There are 4 protein chains.
Amino acid sequence: MYNFRTDLANERRDIYQKVNGKEGEIDGIESSREDINENLKIERVKITNENGEKAIGKPIGTYVTIDIKNLKIARDEEIEKAADILSQELKKILENHIDKQGEILVVGLGNIYVTPDSLGPKVINEIDVTRHIINYLPQYVEEGTRMVSAIAPGVLGTTGIETVEILKGIVDNIHPKLVIVVDALASRSIERISSTIQISDTGIVPGAGVGNTRSEISIKTLNIPVVGLGIPTVVETAVLVNDSLDLFISKLQEEAKSNDYLNKLKEEDNYEEIKEALVPKDYNLIVTPKEIDELIENMKDIVALGINKSL
Amino acid sequence: MYNFRTDLANERRDIYQKVNGKEGEIDGIESSREDINENLKIERVKITNENGEKAIGKPIGTYVTIDIKNLKIARDEEIEKAADILSQELKKILENHIDKQGEILVVGLGNIYVTPDSLGPKVINEIDVTRHIINYLPQYVEEGTRMVSAIAPGVLGTTGIETVEILKGIVDNIHPKLVIVVDALASRSIERISSTIQISDTGIVPGAGVGNTRSEISIKTLNIPVVGLGIPTVVETAVLVNDSLDLFISKLQEEAKSNDYLNKLKEEDNYEEIKEALVPKDYNLIVTPKEIDELIENMKDIVALGINKSL
Amino acid sequence: MYNFRTDLANERRDIYQKVNGKEGEIDGIESSREDINENLKIERVKITNENGEKAIGKPIGTYVTIDIKNLKIARDEEIEKAADILSQELKKILENHIDKQGEILVVGLGNIYVTPDSLGPKVINEIDVTRHIINYLPQYVEEGTRMVSAIAPGVLGTTGIETVEILKGIVDNIHPKLVIVVDALASRSIERISSTIQISDTGIVPGAGVGNTRSEISIKTLNIPVVGLGIPTVVETAVLVNDSLDLFISKLQEEAKSNDYLNKLKEEDNYEEIKEALVPKDYNLIVTPKEIDELIENMKDIVALGINKSL
Amino acid sequence: MYNFRTDLANERRDIYQKVNGKEGEIDGIESSREDINENLKIERVKITNENGEKAIGKPIGTYVTIDIKNLKIARDEEIEKAADILSQELKKILENHIDKQGEILVVGLGNIYVTPDSLGPKVINEIDVTRHIINYLPQYVEEGTRMVSAIAPGVLGTTGIETVEILKGIVDNIHPKLVIVVDALASRSIERISSTIQISDTGIVPGAGVGNTRSEISIKTLNIPVVGLGIPTVVETAVLVNDSLDLFISKLQEEAKSNDYLNKLKEEDNYEEIKEALVPKDYNLIVTPKEIDELIENMKDIVALGINKSL
């Protein structure tokens, strides 16, 4: 399979179309787009069969991408508006998998001590949990309130335990009906850093965004539906260098018409030496906006508010 | 039972002796003391039978208290020295319950977002975990290395899940042989705030330090031995007010010889109105040193280093 | 002068009235009260002559106190409402001292690394400064925009320099027309911790809230008007112990009718031994709500928003 | 002048030599190198005349670069060793400009709320200031102790005031004899991020490291000697993209022998379109290691310790 270097379904579809020179719809992939206002856009990608799966390397399911422009300077109203949109889209997906009172566990992946990776744990701190109130002080909640619990399990490097092992233990012990997982994703686009949310009903692979593949968190491993909320917070430096070179070669080719040598270079995706020289292997280098701390705060507000409103 | 308002076994023993006018040893309680240097003291309390249990309301087991003076201005050598002492004492207790290669899970209780409650999660971030390396990259560790994993499960108010439920799920899934729990305790003594470590082999009751009793974390609930590392980080304001009044009444009584009215007041522990006036009920008020942020950092270094050295 | 142990003019007035058995107005002190809603109250105290000054130990000037209830659980609307009130009151005071375009320097006192002392520096981070834009990119601001700059100078223990020396240097060099100082205050009332804002046009004495008197920041030292925004964030532990004992003696006296010995104790304010036993001298102990981190965040939003709206 | 895109004198010298095809010494630039151990290297560059100044665009003066390898996993001893080296080098430079008791002001530039920019303010928090003790409690310090004060003035975007204006005001008011400025620098080399310290006696230009040139902080603007401690904490993304393309063109040229078109591209430094496509202009994008938070903590310890030891 092509190395997409992005976890966003719509970016993968675009790359697939470009690489394969196809303009229209792909068999097994349905897309639609909605512009709420100039700062808010929704894109829905549905993978409906195995052909779609194979094409972009994502399992059958629904992927909704919400793009928020100018988040860095967003005011309270805009954050609330974005949270509303997230809440609506999340609700639609939840309704397909669980009833109104079905217990939900919200999981925030990532490392609170590493800024671009801290979104998940920060969201968990803001979730309106009800499970303990319903259990111990039922008189304080309206009848019919959904049980909500939340956990930030930490990362493998700090815990020594696969996230899915931790979650399996908890799910088997407290028996929620569905899990929502908030995680950092990789994107190819610098403009999407902490400005895009992808909702999907196919679960998540932790650490996919930053290079290390971990066992997936999905209905396969937890035996209950898993809705993923993924937010790109970094672009890998290797991707940026790669894209520079691709773009440059295309440019050279345009001007020189055709060029076997360059063509071969590009196909083989093998300017490895150059990348090695620029991006030393034992570094885990990322590209972020200088204002990442602030962007993460704003995005945390949107995601926490959006989840709370939908539950 | 008398309301000791402290989780430290040696403080309880002192109070028991004072309240009951007993000077010497209590049946079922053995004590000894060791002064390492002028800033470091160790006190060992062993509860050996039911009478000891009843006397101070702590289960049969070993309780080692390490007092560190002047931690606020401690230099690197002093922190290292304190960590060495902690490591030695911890090792002795571990050896009674587990062999050298037995897998250990370290648990840090508390809320990372509330300064005096953040010690546990901060320690977890510094533990040298080995479980994932032994599992995935065994060539990078010496043979015979002990498997260590670590988790900060969060607090009930944030997760909606009892800590013991989370830990039960994880323990049942990854099967460690022993759990070490790091937690904040209550103390009666302002001088002990973030300056004392109590090691015990009887587990821990989370939240005991701050008013809300939760299900205990011990061999009874987890089915494996639980070693508790408790560090006082706050004194409850109500305790301070209570102690002021007790001390004041004693003073009055000394001078007035005897006084039925005052005697009654003290016995009944019921100057409730006064406490209500000073410490409003819906506030969760604590007394801390102004430098608590710094004290927590230094204590975190000692505890993390002490645990790492002993494992 | 009586040791009020509070920086709030209205608390001092209440204590003065109680201690002196006076019910009505004091010569030289005018008061009025306004209840905005059940969570928001404004109290205005004006000291108009030397007698008022002497009575409560505060210089001639205007002191407006805004009390915000239930800030811990305040929602965005309530925070905005409180900011509106602050903005209105601040505007009224500013208008007495400076015209609409007069340049203002906002100063945030306190130590960013000590939670209850971090309010000032945190507010500074949110102030909409315009001075550099007007200087370098005037095309980006509307004509007539007021020049605003902001600084968090740190605390004496960290800088080695009196705050007023730092500010004097800056004021002499950049020539603002007025200074707004945001600082932590001491209060006697636990309910006011991070829930009250006092605005005054008489400047501020940094560190007054926590025991160490520093040179004042006022028109006397800076030669331009200084508006102080003071927020109680702690109660000193010694104050709490003192109040416990006072209340307790009053209680005893009520029941025992009169008591020369107790009377004497109270007047002399000298249960020093007891206080020493409870509050060791070399500790800088404070009483705070356990949720102080969160309260400081909410108060920071109100103060920053309130200032930004008024400028 | 050539756009070096680095503030390190030794990197500039290397680039100058490469661009100009010169191998040996440059007139006006003296260099020497010392390897302390495999993890610690010192390089000294002295610019001695105008020719040297012009060659690498740095004023006449001394530039000492200390490189620390593997800082991410450095233990306490290694951090102490690096601090010792820094202290020795700093002392040598200070001795050329000030006597043993001359008062020093340490300045930490940068924004505490932006991780890679927070080094300066964090160092300030750890400096052993003595000025206030000598002024108010001289009995507590040995006679002959040097007066040290410290300040973190914030950044233009937050204060609205040029850093040099703030410092000028303070220097004119408290009269230190020398200023040490700690700041983030730009480097071309990813391996130097938070792993290199450049000491120079020529002052500093704040913000040089991240794109916006501000008025310099030097003897010219403050009238007293200024020693700069610069630490690279980021590489600008544009630099990385640029370097990718340069390296790639060199590679193509090697294989194709000569190529006028490529030569021209490289000389003109004008693949602007490509850079625009990859690095949108209104983003302030940086490349950092994922572990930047931890690297900054370790570097802060070295710099604070190194300064404290040398004063």
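To keep things clear, this report deals only with the structure shown in the data block. (Residues numbered from 1 in each chain as written. Chains lettered and ligands numbered in written order. Predicted model: local features only at pLDDT ≥ 70, side-chain atom pairs only at ≥ 80, totals over all residues. Heavy atoms only, no water.)

Some points on the overall build of chain A
And then number 1: Summing up its helical and strand segments, chain A has 12 helices and 9 strands in all.
And then number 2: The buried share of chain A, reckoned over its 311 residues, is 58%.
And then number 3: Expressed as a percentage of contacts within chain A between residues at least 6 apart in sequence, the contacts between residues at least 24 apart total 72%.
And then number 4: Total accessible area on chain A stands at roughly 13,200 Å², and carbon and sulfur atoms take up 47% of it. (Helix = DSSP H or I, 4+ residues; strand = E, 2+ residues; numbered from the N terminus. Buried < 20%, exposed > 50% of the residue type's maximum accessible area, 1.4 Å probe, protein only. Contact = heavy atoms within 4.5 Å. Areas by Shrake-Rupley, 256 points an atom, 1.4 Å probe, with all protein chains shown as cover.)

Quick look at the side chain of Arg13(C)
Residue and element names in this part refer to chain C.
And then number 1: In this fold, Arg-13 is placed in helix H1 (residues 9–19).
And then number 2: By relative accessible area, which is 8% here, Arg-13 ends up buried.
And then number 3: A polar contact of 2.7 Å, which involves the side chain of Arg-13, links it to the side chain of Glu-43.
And then number 4: Each residue touching Arg-13, except ones within four places of it in the same chain, is listed here: Ile-26, Ile-29, Ser-31, Glu-43, Val-45 and Ile-56. (Polar contact = N/O pair within 3.5 Å; in protein donor to acceptor, adjacent residues only side chain to side chain.)

Overview of the interface of chain D and chain C
And then number 1: Each side of the interface is counted separately: chain D has 30 residues, and chain C has 30 residues.
And then number 2: At the boundary of chain D with chain C, total buried surface from both sides reaches about 2,500 Å², with 55% on carbon and sulfur atoms.
And then number 3: Two residues, Glu165(C) and Arg131(D), come together in a salt bridge whose shortest N-O distance is 3.1 Å.
And then number 4: Linking chain D with chain C are 12 residue pairs in polar contact (both at pLDDT 80 or more).
And then number 5: Mapped by element, the contributors of at least two residues to the side of chain D that touches chain C are helix H4 (119–124), helix H5 (131–136), strand S5 (148–151), helix H6 (156–159) and helix H7 (163–174) of chain D.
And then number 6: The element that contributes the greatest number of residues to the side of chain D that touches chain C is H7(D), accounting for 7 residues.
And then number 7: Along the lines of polarity and charge, the residues of the side of chain D that touches chain C split into 16 nonpolar, 9 polar and 5 charged. (Buried area = accessible area lost by both parts, 1.4 Å probe. Salt bridge = Lys/Arg side-chain N within 4 Å of Asp/Glu carboxyl O. Nonpolar A, V, L, I, M, F, W, Y, C, P; charged D, E, K, R; others polar.)

A few points about the relation of the copies chain D and chain C
And then number 1: For these two chains of identical sequence, chain D goes onto chain C by a turn of 180 degrees and a shift of 0.0 Å along the axis, with RMSD 0.1 Å. Put plainly, the chains are arranged around a two-fold axis. The rotation axis passes nearest to the C-alpha of Gly169(D) in chain D, at a distance of 2.0 Å.
And then number 2: Both copies share a contact surface, since 100% of the interface residues of chain D are interface residues in chain C too. (Least-squares fit on C-alpha atoms with pLDDT ≥ 70 in both.)

Let's talk about the pairing of strand S2 (residues 40–47) of chain D
And then number 1: Strand direction decides the pairing type here: strand S1 (residues 29–37) of chain D and S2(D), joined by 8 bridges, are antiparallel. Considered in S2(D), the bridge of Glu30(D) is made with Lys46(D). (Pairing = 2+ DSSP bridges.)

Examining the pairing of strand S6 (residues 178–186) of chain A
All names here are of chain A.
And then number 1: Most of S6 sits out of view: 9 of its 9 residues are buried.
And then number 2: Where burial is concerned, the two faces of S6 agree: the one with Leu-178, Ile-180, Val-182, Ala-184 and Ala-186 and the one with Val-179, Val-181, Asp-183 and Leu-185 are both buried.
And then number 3: Across 5 bridges, strand S4 (residues 104–108) lies against S6 in parallel orientation. By the bridge assignment for S6, Gly-108 is matched with Val-182.
And then number 4: For S6 and strand S8 (residues 226–236), the ladder comprises 8 bridges, and the chain directions are parallel. Note that in S8 the partner of Val-182 across the bridge is Leu-229.

Brief notes about unusual backbone geometry
And then number 1: The backbone of Asn223(B) sits at a positive phi, close to 65 degrees, despite the residue not being glycine.
And then number 2: Residue placement: Asn223(B) occurs in the loop between helix H8 (219–222) and strand S8 (226–236).
And then number 3: Unusually for a residue other than glycine, His175(D) sits at a positive phi of about 55 degrees.

Things to note about the packing of helix H7 (residues 163–174) of chain A against helix H7 (residues 163–174) of chain B
And then number 1: Axis separation between H7(A) and H7(B) bottoms out at 7 Å; the angle between their running directions is 120 degrees. It follows that H7(A) is oblique to H7(B) by the angle criterion. For H7(A) against H7(B), the interelement crossing comes out right-handed. Contacts from Glu165(A), Ile166(A), Lys168(A), Gly169(A), Ile170(A), Asn173(A) and Ile174(A) in H7(A) reach Glu165(B), Ile166(B), Lys168(B), Gly169(B), Ile170(B), Asn173(B) and Ile174(B) in H7(B).
And then number 2: In terms of residue class, the contact of H7(A) with H7(B) is built from 6 nonpolar, 4 polar and 4 charged. (Axes fitted to C-alpha atoms, helices over the stretch in contact; angles between N-to-C directions. Parallel < 35°, antiparallel > 145°, perpendicular 65-115°, else oblique. Left-handed = near helix turned anticlockwise from the far one by under 90°.)

As for a nonpolar patch on the surface
And then number 1: Where nonpolar side chains cluster on the molecular surface, the patch consists of Tyr136(A), Leu137(A) and Tyr140(A) and spans about 360 Å² of accessible area.
And then number 2: Note on placement: Tyr140(A) falls in the loop between helix H5 (131–136) and strand S5 (148–151). (Patch = residues over 30% accessible without salt bridge, like charges linked within 9 Å, V, L, I, M, F, W, Y side chains within 5 Å.)

Observations concerning helix H3 (residues 76–95) of chain D
And then number 1: Over its 20 residues, H3(D) extends 28 Å from the first C-alpha to the last, a length consistent with the 28 Å expected when each residue adds 1.5 Å.
And then number 2: Every buried residue of H3(D) is listed here: Ile79(D), Ala82(D), Ala83(D), Ile85(D), Leu86(D), Ser87(D), Glu89(D), Leu90(D), Ile93(D) and Leu94(D). (Expected span 1.5 Å × (residues − 1).)

Points about the pattern of salt bridges
And then number 1: Counted under the stated rule, the structure contains 77 salt bridges over all chains.
And then number 2: With its nearest N and O atoms 3.2 Å apart, the salt bridge here joins Glu34(D) to Arg44(D). Of this pair, Glu34(D) sits in strand S1 while Arg44(D) is found in strand S2, placing the two residues 10 residues apart along the sequence.
And then number 3: Here the salt bridges share partners, and the residues they tie into one network are Lys122(A), Glu126(A), Glu297(A), Lys300(A) and Asp301(A).

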